[in-house]
Amino acid sequence: MNEYKLLLTGTTGAGKTTAIAAISEITPVRTEVKNNDASFAKATTTVGLDYGELTLDNGDKLRLYGTPGQPRFSFMWRILSQGALGLVVLIDNSRPDPLADLAVYLEGFRGLIDEAACVIGVGRMETHPQPGLDAYAEALQAAGVLCPLLPVDVREQREVLVLMDLLLTQFESKAVADGIPGADLAGQFGRATAALQPGQA
Ligand SMILES: Nc1nc2c(ncn2[C@@H]2O[C@H](COP(=O)(O)OP(=O)(O)OP(=O)(O)O)[C@@H](O)[C@H]2O)c(=O)[nH]1
Ligand SMILES: [Mg+2]
């Protein structure tokens, strides 16, 4: 059995814990505490990490890790990045400067992004359409990062699955380009999750 580690990162409230809970087949391991930071209105925040699992069609396992959101825990980003196959960056478009948030994660996870795969999901675009996806695409290009970018609502299981699928597909393409036989991860993932019902992950 092979195991693959995927990371989700993003600012506090971007939805890392929600996204992992949406697709994990085990009850996610959370390290939530009551939020005492008045700068964001949320009852709980993750201080360590989130962890969830998803078994692929062939029995291989995806291990899903959510990083702590706050930059003061950024020392953990490096630890968690080790051996990861890819990174999902979740952006909350309702924050004051979400493009600056993106820059923080592109910088903080540069090694992983360059060596592995990444996908950017921008949340809350319905209520906060600006900055638009064009601005994000320009920022990615300026940073020399090539990865899929899409709006996402992490409360929707299907949308979280799309993010993961994009990550696995990229990993597969890179493996093939590097002459390594692909593990058909995206296909395994698609078959494993096809029957998932919302809330039944
Ligand atoms: N209204 C609305 N709520 C959203 C949307 N996306 C996410 N949320 C909510 O935003 C909250 C996200 O919280 P978490 O999943 O705890 O965020 P997190 O990234 O784990 O945050 P930290 O652990 O503090 O770093 C949840 O209550 C979601 O339901 C959206 O598009 N619209
Ligand atoms: Mg969290």
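Owing to the predicted nature of the structure, the values given are computational and were not obtained by experimental measurement.

So, how was this worked out
Residues numbered from 1 in each chain as written. Chains lettered and ligands numbered in written order. Predicted model: local features only at pLDDT ≥ 70, side-chain atom pairs only at ≥ 80, totals over all residues. Heavy atoms only, no water. Helix = DSSP H or I, 4+ residues; strand = E, 2+ residues; numbered from the N terminus. Rg over C-alpha atoms; globule rule 2.2 N^0.38 Å. Buried < 20%, exposed > 50% of the residue type's maximum accessible area, 1.4 Å probe, protein only. Contact = heavy atoms within 4.5 Å. Areas by Shrake-Rupley, 256 points an atom, 1.4 Å probe, with all protein chains shown as cover. Lys, Arg positive; Asp, Glu negative; His and termini not counted. Charge placed at Lys NZ, Arg CZ, Asp CG, Glu CD. 1 Å grid on protein atoms, 1.4 Å probe; cavity = no way out; pocket = protein on both sides within 12 Å on 5 of 7 lines; lining within 4 Å. Points joined across faces, edges and corners; volume = space filled by probe spheres on them. Nonpolar A, V, L, I, M, F, W, Y, C, P; charged D, E, K, R; others polar. Phe/Tyr/Trp six-rings, centres within 6.5 Å; stacked < 30°, edge-to-face > 60°. Polar contact = N/O pair within 3.5 Å; in protein donor to acceptor, adjacent residues only side chain to side chain.

Asks: Honestly, the overall build of the protein chain in this entry has me stumped. Any pointers?
Replies: Helix and strand content of the protein chain: seven helices and eight strands. For 201 residues, the compact-globule estimate of 2.2 N^0.38 gives 17 Å, and the C-alpha radius of gyration of the protein chain, at 16 Å, lies within 12% of that figure. In terms of principal-axis extent, the alpha carbons of the protein chain reach across some 45 × 40 × 35 Å. Considering the protein chain as a whole, with its 201 residues, one finds that 49% of them fall into the buried category. Long-range pairs, those at least 24 residues apart, make up 69% of the contacts in the protein chain with a sequence separation of at least 6. Of the roughly 9,600 Å² of accessible surface on the protein chain, 54% is carried by carbon and sulfur atoms. For the protein chain, the separation between the mean place of its 16 positive charges and that of its 24 negative charges on side chains is 7 Å.

Asks: Where do I start with the layout of surface pockets in this structure?
Replies: Picture a little ball the size of a water molecule; that probe, rolled over the atoms, points out where space is still empty. Estimated volume of the largest pocket: approximately 440 Å³. Taken together, 24 residues form the lining of the largest pocket, with Gly13, Ala14, Gly15, Thr18 and Arg124 sitting closest to its centre. When residues of the lining of the largest pocket are traced back to their parent elements, those giving at least two are helix H1 (16-23) and strand S3 (44-46). Across the lining of the largest pocket, the residue classes tally to four nonpolar, 12 polar and eight charged. For the lining of the second largest pocket, the secondary structure elements donating two or more residues are strand S6 (84-92) and helix H6 (157-177). In terms of residue class, the lining of the second largest pocket is made up of nine nonpolar, one polar and four charged.

Asks: Can you help me understand the packing of aromatic side chains in this one?
Replies: Here a ring pair, both rings aromatic, is described through the centre-centre distance and the interplanar angle of the planes. Applying the stated criterion to the full structure yields four aromatic pairs. Plain terms: the ring middles of Tyr4 and Phe171 are 6.4 Å apart, the flat faces sit at 65° to each other, and that makes the pair edge-to-face. Taken as a pair, Tyr4 in strand S1 (residues 3-10) and Phe171 in helix H6 lie far apart in primary sequence, 167 residues in all. Exposure remark for Tyr4: the relative accessible area of 12% places this residue in the buried category.

Asks: In this structure, what is going on with the side chain of Lys61? I would like to understand it.
Replies: Structurally, Lys61 can be placed in strand S5 (residues 61-66). On the accessibility criterion, Lys61 (19% relative accessible area) is buried. A polar contact is formed between the side chain of Lys61 and the side chain of Glu53, at a distance of 3.4 Å. Once residues within four sequence positions are removed from consideration, Lys61 is found in contact with Met1, Asn2, Glu3, Tyr4, Glu53, Leu54 and Thr55.

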